[in-house]
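# Secondary and tertiary structure notes
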Amino acid sequence: MTTYVVIGAKRIQQWIARTPRLALTKGASHALTTRTSCNYLRDKLPNGLRLSGEVPDIAGVVVLESDDGVADDTVRAAITMVAKDLPGLEWSAWVYEAASYVEAYQYTGGGQRCARVYHVVPATRRLPMLAECEGCHEESAERAVNLPDGKGSYGADCVVRREAFKEWKDTPKPREDGVAEPEMFEHLTKLEEPGDDDHPVRAMGRRDADNHLALILADGNRMGDFFKEVAQLKDPQAHKALSKALDDATREAARRAREAVIATMVNPRYCPDVLHYVGGDDVMASVAGRFAWTWAVTLAEAFEIEFQSRVEAFETEFQSRVNDVCADRGSKFEEVKKAAKSASLGVGMVFTHVKAPFAGARELAEEMEKIAKKKGKGEKSYIAWADTTVDHKALERNVIDTELAFEELRGGHVLRGLGPSARSALKQELDAGRDAVAWATRTGRPETAKYLEGHCEDQVYADLDRARWWPVVEEIKEGQE
Ligand SMILES: [Zn+2]
């Protein structure tokens, strides 16, 4: 038997989002990824513990193991060792003895039903009466730093973020096309350099779209069911490979979302997105408002394809390895494949002005993600959206099936026949409780009349709202149908 010590950062996305400076959120992402990696931790472990070979590197999670029992002091020393270099985060740990990590995870429900749990609050939590950190306003300032706009004081957490941002800046990330990674949120508002005859993608219902971003959160549906099937294989290496397959699929989906947008840009200068966090099936990203729909829809579609194909690719390797040992494991893999086929994403998306507080957008995006997951019932990918430039509401009706969204990205928005003033006239009719079908017929819009007859009022409101940020290339003429 092996004793597993599983250390994990809590509320990662809140932590990343708590500063308005992109350099500090990027620094946070980079610090989290590098400082919880096996390479970074290898020589720093307390005596008696080693890194587990049964899990891939996942940002924010550290799995250690020992052949003997592990004393409380050793567990605490391990948490302290991990937390020391990421002082703004809250940490928890659980300890369990089992034949494999998969078993430990299954028996304890990921540590939730574990008797030995530990908790560490952030080392940098703000103390009263001390100066405030200017990077995040959530910790006490400790150190004076030089900022682009003068001198400031940072706390220990923001000092770590700042150093990690410098590390990230020094990491080469060349693209053949010369498109640069954004380093400030403002870069996401100056993505292209179109000439006079170029027609960049614009938002269907916003003329000032460039000053806006969308914060996108995504989370896999039914991944617990998938890993329950994986546990039935009783093969630690399969668990590791399939956990990595999930992480890789999510990263590749985000990369494809970026490339799908860049393909529609005119003389792109900056990449259209900032990936704040990817871990397993979780994603948090900021995307330029005009391109957010293309990004989100591509992410969800690509995630399903990438994940399934990686699971299938692993099957061949798995079969050849286990068939000699135990023939019936092969049939168990069918169940794993079935679970992978029904994997999907819940996506929450919030449009904001570039200057709007990041933390508030994150909270709303989390609510929208929940709406998307609820609507999908774990069976299909849905995208739910909110728009803080109009209201700050999480409306249950603002949700769309990814397949339908994909069709409309190619074929045009369902209300493409209506120009901006016709759309606002339609909304006025609905708000006033008048007969919208009669309005459409009276104003010579038979197609719109047909659409209105076939859709409930909530759906029409949602389609009107969705039109605001829907991407279009060509000019829309009033009243064309
Ligand atoms: Zn700070």
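Residues numbered from 1 in each chain as written. Predicted model: local features only at pLDDT ≥ 70, side-chain atom pairs only at ≥ 80, totals over all residues.

## As for the domain arrangement of the protein
Stated formally: Domain start and stop points were drawn from an automatic or database domain assignment. By definition, residues are in contact whenever their C-beta atoms, placed on the basis of the backbone, come within 7 Å of each other. The numbering of helices and of strands both runs from the N terminus, where a helix is a DSSP run of H or I of at least 4 residues and a strand a run of E of at least 2. As a working rule, the residues Ala, Val, Leu, Ile, Met, Phe, Trp, Tyr, Cys and Pro are called nonpolar, Asp, Glu, Lys and Arg charged, and the rest polar, with Gly in that last group.
What the domain assignment reports for the protein is domain 1 (1-171), domain 2 (202-411) and domain 3 (420-472). Computed from C-alpha coordinates alone, the two centres of domain 1 and domain 2 are separated by 25 Å. Contacts between the two partners involve 21 residues from domain 1 and, on the opposite side, 17 residues from domain 2. Going through the elements one at a time, α1 (12-16), α2 (22-35) and α5 (101-108) are the ones with two or more residues in the side of domain 1 that touches domain 2. Within the side of domain 1 that touches domain 2, the residues separate by chemical class into 11 nonpolar, 7 polar and 3 charged.

## Description of the nonpolar core
Short version of the rule: Put simply, a nonpolar core is a cluster of buried Ala, Val, Leu, Ile, Met, Phe, Trp, Tyr and Cys residues tied together by C-beta atoms within 7 Å. As a rule, residues whose C-beta atom has 12 or fewer other C-beta atoms within 10 Å are exposed, those with 20 or more are buried, and those in between are partly exposed; C-beta atoms are placed from the backbone.
Residues Ile-216, Ala-292, Ala-296, Leu-299, Met-349 and Ile-383 are the most contacted members of the largest nonpolar core, which totals 134 residues. In terms of residue count, the dominant contributor to this core is helix α9 (residues 292-322) (13 residues). Setting aside residues no more than four positions away along its own chain, Ala-292 makes contact with Ala-214, Ile-216, Val-287, Met-349, Phe-351 and Trp-469.

## Examining the pairing of strand β10 (residues 273-279)
Note the following rule: Pairing between two strands requires that DSSP report at least two bridges joining them.
Buried residues dominate β10, accounting for 7 of its 7 residues. Examined bridge by bridge, β10 and strand β11 (residues 282-288) share 6 bridges and lie antiparallel to one another. Its bridge partner being in β11, Tyr-277 is matched across the sheet by Met-284. Hairpin connection, β10 to β11: the antiparallel pair is bridged by 2 residues, and Gly-280 has positive phi, about 60°.

## Here's the deal with helix α16 (residues 457-467)
All buried positions along α16 are accounted for by Val-460, Ala-462, Asp-463, Asp-465, Arg-466 and Ala-467. The inward-facing, buried residues of α16 contact β13 (382-387), β14 (399-401), α13 (420-431) and α15 (446-454).

## Focus on the sheet that holds strand β1 (residues 2-10)
To be explicit about the condition: Geometry is summarised by axes, namely lines fitted to C-alpha atoms with helices restricted to the contacting stretch, and by angles between N-to-C directions that run from 0 to 180 degrees.
An order of β2-β3-β1-β4-β5 is seen for the 5 strands of this open sheet, with the pairing classed as antiparallel. Every interior strand has two partners, whereas the edge strands, β2 (50-51) and β5 (116-120), have only one. Where β1 meets strand β3 (residues 61-66), 6 bridges bridge the pair, whose relative direction is antiparallel. Each bridged residue has a counterpart across the sheet, and for Val-5 the counterpart in β3 is Leu-64. Contacts from helix α4 (residues 72-84) reach β1, β3, β4 (90-98) and β5, with the element oriented near 140° to β4.

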